[in-house]
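# Reading the structure
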Amino acid sequence: MGAPNSIVILTGAGISAESGIDTFRDTNGIWSKVDYRDVATPEGFARNPGKVHAFYNERRRGLLRVRPNAAHEALGRLEAAFGGSFLLVTQNIDDLHESAGSRRLLHMHGEVNSALCEACGKRSRWSGDMSINSQCPHCGTVGRMRVDVVWFGEMPYHMDRIEAAIAACDLFVSIGTSGNVYPAAGFVEQARLAGAHTVELNLEPSEGYSSFNEAIYGRATEIVPEFVRQLLAAEVDAAFERISPLP
């Protein structure tokens, strides 16, 4: 594959696992210990908002103890150095991509450091604990604040922008995803139909591994920096050829 002009990268829990953030769907992941229906559905929040707040308060406090790893940092370098169109789409609700320098970034499942007011619909940055007594900074309503993450049964964010970027990209890369969470699991097929080269970077084959043109398996902190290095080297070579074409 030559140097791309437009890149879309999808990241999942596997890229943050090496920073010490618990995954949700692995054998020993969070959903093996906690019933998602209690803490990650609108119905669970209506039944017991205190329990839901406590669950996400723990996730939010956990971010204070972790740092971006080499894979996050490599994607930050890629965004800064790549000369074409670039979009990073993450299923993760942590802030490690931002901490590593990513700016052209969409959180399709929301962010644990963001709060949503069910009364006025506005969002606020939120770094501390949240409770049933929390007040909306915008409308002043008490008791209607929730974490701004996409729960089971809710529509992921930014889908129009994501699908438009996938339709226009010539390289689609999936990093650290299980391949069983839709609609993200279907992005590779959308990219293939649009003519993009598709690459999976993962610890092991995902459920949708057969849909990718190319696959590289190993620890994210090892394979992602090397992939980025090769990608940027290819871009430099292509730029040199444009400036100084061979006779």
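Please refer to the structure placed before this passage.
Residues numbered from 1 in each chain as written. Predicted model: local features only at pLDDT ≥ 70, side-chain atom pairs only at ≥ 80, totals over all residues. Heavy atoms only, no water.

The subject of this paragraph is the side chain of asparagine 113. As for its position among the elements, asparagine 113 is in strand E4 (residues 110-117). Owing to a relative accessible area of 13%, asparagine 113 belongs among the buried residues under this scheme. Apart from the residues within four sequence positions on either side, asparagine 113 is in contact with Arg60, Leu63, Asp95, Ser124, Arg125, Trp126 and Ser127. (Helix = DSSP H or I, 4+ residues; strand = E, 2+ residues; numbered from the N terminus. Buried < 20%, exposed > 50% of the residue type's maximum accessible area, 1.4 Å probe, protein only. Contact = heavy atoms within 4.5 Å.)

To continue, consider the sheet that holds strand E2 (residues 85-90). If you walk across this open sheet you meet the six strands as E3-E2-E1-E7-E8-E9, and the pairing is parallel. On the outer flanks of this sheet lie strand E3 (105-107) and strand E9 (214-217), each paired with one strand and no other. Pairwise comparison of adjacent strand axes, ignoring direction, gives a mean angle of 15° for this sheet. Examined bridge by bridge, E2 and E3 share three bridges and lie parallel to one another. Counterpart to valine 89 in the pairing with E3 is leucine 106. Strand contacts of helix H5 (residues 70-81): strand E1 (6-11), E2 and strand E7 (171-175), with the helix running at about 155° to E2, the strand carrying the most contacts. (Pairing = 2+ DSSP bridges. Axes fitted to C-alpha atoms, helices over the stretch in contact; angles between N-to-C directions.)

Take the pattern of salt bridges next. Applying the stated criterion across every chain yields a total of 13 salt bridges. Two residues, glutamate 18 and arginine 219, come together in a salt bridge whose shortest N-O distance is 2.9 Å. With glutamate 18 in the loop between helix H1 (13-17) and helix H2 (36-39) and arginine 219 in the loop between E9 and helix H9 (220-243), the pair connects residues that are 201 residues apart, well separated along the chain. Residue class for glutamate 18 comes out partly exposed when judged on its relative accessible area of 28%. A salt bridge links lysine 51 to aspartate 38, with the nearest nitrogen and oxygen atoms 3.4 Å apart. In this pair, lysine 51 is assigned in helix H4 (residues 49-62) and aspartate 38 in helix H2, connecting sequence segments 13 residues apart. A residue is classified by how much of its surface remains accessible, and lysine 51, at 40% relative accessible area, is partly exposed. Taking relative accessible area as the criterion, aspartate 38 reaches 25% and is therefore assigned partly exposed. Taken together, the shared-partner salt bridges connect Glu18, Arg219 and Glu222 into one network. (Salt bridge = Lys/Arg side-chain N within 4 Å of Asp/Glu carboxyl O.)

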